[in-house]
Amino acid sequence: MTHLGVVGGGTMGAGIAEVAARAGDDVLILERDQEAADAALARIEKSLGRAVKSGRLADDELTAAMARLQTTTSIADFGDRELVIEALPEIESLKVGFFAELDKVTRPDAILATNTSSIPIIRIAKNVADPSRVVGVHFFNPVPVMKLVEIISSLASSPEAIETVTAYARDHLGKKTIQAGDRGGFVVNALLIPYLVSAIRMYESGYATKEDIDAGMINGCAHPMGPLTLSDTIGLDVVLDVAESLYQEFREPHHAPPPLLQRMVDAGYLGRKTGKGFYDYSK
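About the cut-offs
- Residues numbered from 1 in each chain as written.
- Predicted model: local features only at pLDDT ≥ 70, side-chain atom pairs only at ≥ 80, totals over all residues.
- Heavy atoms only, no water.
- UniProt positions renumbered as here; feature names shortened; annotations may be inferred.
- Helix = DSSP H or I, 4+ residues; strand = E, 2+ residues; numbered from the N terminus.
- Rg over C-alpha atoms; globule rule 2.2 N^0.38 Å.
- Buried < 20%, exposed > 50% of the residue type's maximum accessible area, 1.4 Å probe, protein only.
- Contact = heavy atoms within 4.5 Å.
- Areas by Shrake-Rupley, 256 points an atom, 1.4 Å probe, with all protein chains shown as cover.
- Domains from an automatic or database assignment.
- Buried area = accessible area lost by both parts, 1.4 Å probe.
- Salt bridge = Lys/Arg side-chain N within 4 Å of Asp/Glu carboxyl O.
- Polar contact = N/O pair within 3.5 Å; in protein donor to acceptor, adjacent residues only side chain to side chain.
- Axes fitted to C-alpha atoms, helices over the stretch in contact; angles between N-to-C directions.
- Parallel < 35°, antiparallel > 145°, perpendicular 65-115°, else oblique.
- Nonpolar A, V, L, I, M, F, W, Y, C, P; charged D, E, K, R; others polar.
- Pairing = 2+ DSSP bridges.
- Core = buried A, V, L, I, M, F, W, Y, C linked by side-chain atoms within 4.5 Å.
- Right-handed = clockwise from strand over helix to strand, strands pointing away.

As recorded in an unreviewed UniProt entry, the chain goes by Putative 3-hydroxyacyl-CoA dehydrogenase and comes from Gordonia rhizosphera NBRC 16068. Quoted straight from UniProt, the Pathway (unreviewed entry) entry for the chain says "Lipid metabolism; butanoate metabolism." For the record of the chain, the UniProt heading Sequence similarities (unreviewed entry) holds the text "Belongs to the 3-hydroxyacyl-CoA dehydrogenase family."

Written as structure tokens, this is what we have:
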């Protein structure tokens, strides 16, 4: 597959588009308007520029990758795409609506993939006429750096579709792939989010400072960063969305997001991407 469609050019969508363009794919990014489309391309060019500056990419490779990227504001332009990866916010109704539209405009043999980090794939796939072509392909942020991709098969996903996207991520994009069952959180977030939520709850209760919580996990468990810094890096809105999805799926108290997390998201304190979360990144 060399003709990729990406729905959404935010942090995750731009990262997926970037690695595909660097691998030689013709990439088309769908955005809501031209301003958002231009912002997506600028986001990718900035990321490629950092790779050039660090010596991981040559100038001519940056130029070639950017030439393979196009944007559109019309979903109808996805008619020739062999693979479409949706990278919208973690809102189930939004994803379901887009997949119903993709089903109308894409060719019948195209694979439709969602980059959801927690929503069961079958809830999205059941809105497509042929749910066997819907799979989960969960990348991690930042996509150009993180090697892992979770491949998720729903009860309806065809073995051929799973095999195809696994080979695409592993052999074409150079990622490490793991297989996950179709339940909320899959492998990584099913383990990670309760840990992050527990750390937030500990800080909220005044049991320990944010610095001591992070230092404890870095120096006591050899983690590269503490849970509150990691939450800021992921985005507190994303942590909240995934925690709510896990709680809806399992109804376990340790999945329930703490009030502090909700209030920080309400305030727009989303972490690194807004300049403020548990820590101040404005400088």
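Having seen the structure, we can now continue with the description.
1. Here's the deal with the overall build of the chain
The secondary structure content of the chain amounts to eleven helices and eight strands. Whereas a compact globule of 283 residues would reach a radius of gyration of roughly 19 Å, the chain reaches 19 Å, a difference of no more than 12%. By the burial criterion, 46% of the 283 residues in the chain qualify as buried. For the chain, contacts bridging at least 24 residues in sequence account for 67% of all contacts bridging at least 6. Per element, the accessible surface of the chain, about 13,000 Å² overall, is 54% carbon and sulfur.

2. A look at the UniProt feature "domain: 3-hydroxyacyl-CoA dehydrogenase C-terminal" (unreviewed entry) in the chain
The feature "domain: 3-hydroxyacyl-CoA dehydrogenase C-terminal" (unreviewed entry), as annotated in UniProt, sits at residues 185-281 in this numbering. Across residues 185-281, the secondary structure splits into 62% helix and 0% strand, with the terminal C-alpha atoms separated by 28 Å.

3. What to know about the domain arrangement of the chain
Here the chain is partitioned into domain 1 (3-181) and domain 2 (193-273). Here the C-alpha centroids of domain 1 and domain 2 sit 27 Å apart. Across the boundary between the two partners, domain 1 contributes seven residues, which contact six residues of domain 2. Buried area between domain 1 and domain 2, both sides added, is near 540 Å², and the carbon and sulfur share of it is 42%. On the domain 1 side of the contact with domain 2, Glu90, Ser118 and Arg123 bury the most area, a combined 59% of that side's loss. The interface formed by domain 1 and domain 2 includes one salt bridge. The salt bridge partner of arginine 123 is glutamate 249, with a shortest N-O separation of 3.1 Å. Counting every contact that joins domain 1 to domain 2 gives two residue pairs in polar contact (both at pLDDT 80 or more).

4. Quick word on the packing of helix α8 (residues 210-221) against helix α9 (residues 227-234)
Contact pair α8 / α9: the axes reach a minimum separation of 7 Å and the direction vectors enclose 100°. What the angle tells us is that α8 and α9 run roughly perpendicular. Together, Lys210, Ile213, Asp214 and Met217 of α8 and Pro227, Leu228 and Thr229 of α9 make up the contact between the two elements. Looking at side-chain class alone, the contact of α8 with α9 contains four nonpolar, one polar and two charged residues.

5. Things to note about the sheet that holds strand β7 (residues 148-152)
One open sheet accounts for eight strands, arranged β3-β2-β1-β4-β5-β6-β7-β8; its pairing is mixed. Of all strands in the sheet, those with a lone pairing partner are β3 (69-72) and β8 (176-180), marking the two edges. Adjacent strand axes in the sheet meet at a mean angle of 25° when their direction is disregarded. In this sheet, strand β6 (residues 134-139) lies alongside strand β5 (residues 111-114) in parallel orientation, the contact comprising three bridges. Opposite alanine 113, over in β6, you have valine 135 as the bridge partner. Strands in contact with helix α1 (residues 11-22) are β1 (3-7), β2 (26-30), β3, β4 (83-86) and β6; relative to β1, the strand with the most contacts, it is inclined by about 170°.

6. Notes on the pattern of salt bridges
In the structure shown here, the tally under the stated rule is 15 salt bridges. Across the salt bridge formed by arginine 123 and glutamate 92, the nearest N and O atoms sit 3.3 Å from each other. Within this pair, whereas arginine 123 is found in helix α5 (residues 121-125), its partner glutamate 92 is found in helix α4 (residues 92-105), the two being separated by 31 residues in sequence. Aspartate 266 is the partner of arginine 263 in a salt bridge, and the nearest nitrogen-oxygen pair spans 3.1 Å. Highlighted residues: arginine 263 and aspartate 266, both in helix α11 (residues 259-266), separated by three residues, approximately one helical turn. Several salt bridges converge on common partners, so that one network encompasses Asp26, Asp80 and Arg81.

7. Let's talk about the nonpolar core
Grouped together as the largest cluster of nonpolar side chains are 36 residues, with contacts concentrated most on Leu4, Val27 and Phe139. Counting residues per element, this core draws most heavily on α1, which supplies seven residues. Those residues in contact with leucine 4, other than ones at most four positions away along the chain, are Ile16, Ala20, Asp26, Val27, Leu28, Arg81, Leu83, Ile85 and Tyr168.

8. Details of the pairing of β1
Of all five residues that make up β1, four are buried, and the element is covered over most of its length. Across five bridges, β1 lies against β2 in parallel orientation. Its bridge partner being in β2, leucine 4 is matched across the sheet by valine 27. Following the backbone out of β1, through α1 and into the adjacent parallel β2, one traces a crossover that is right-handed. Inspection of the sheet shows β1 paired to β4 by four bridges, in the parallel sense. If you follow valine 6 over to β4, its bridge partner there is isoleucine 85.

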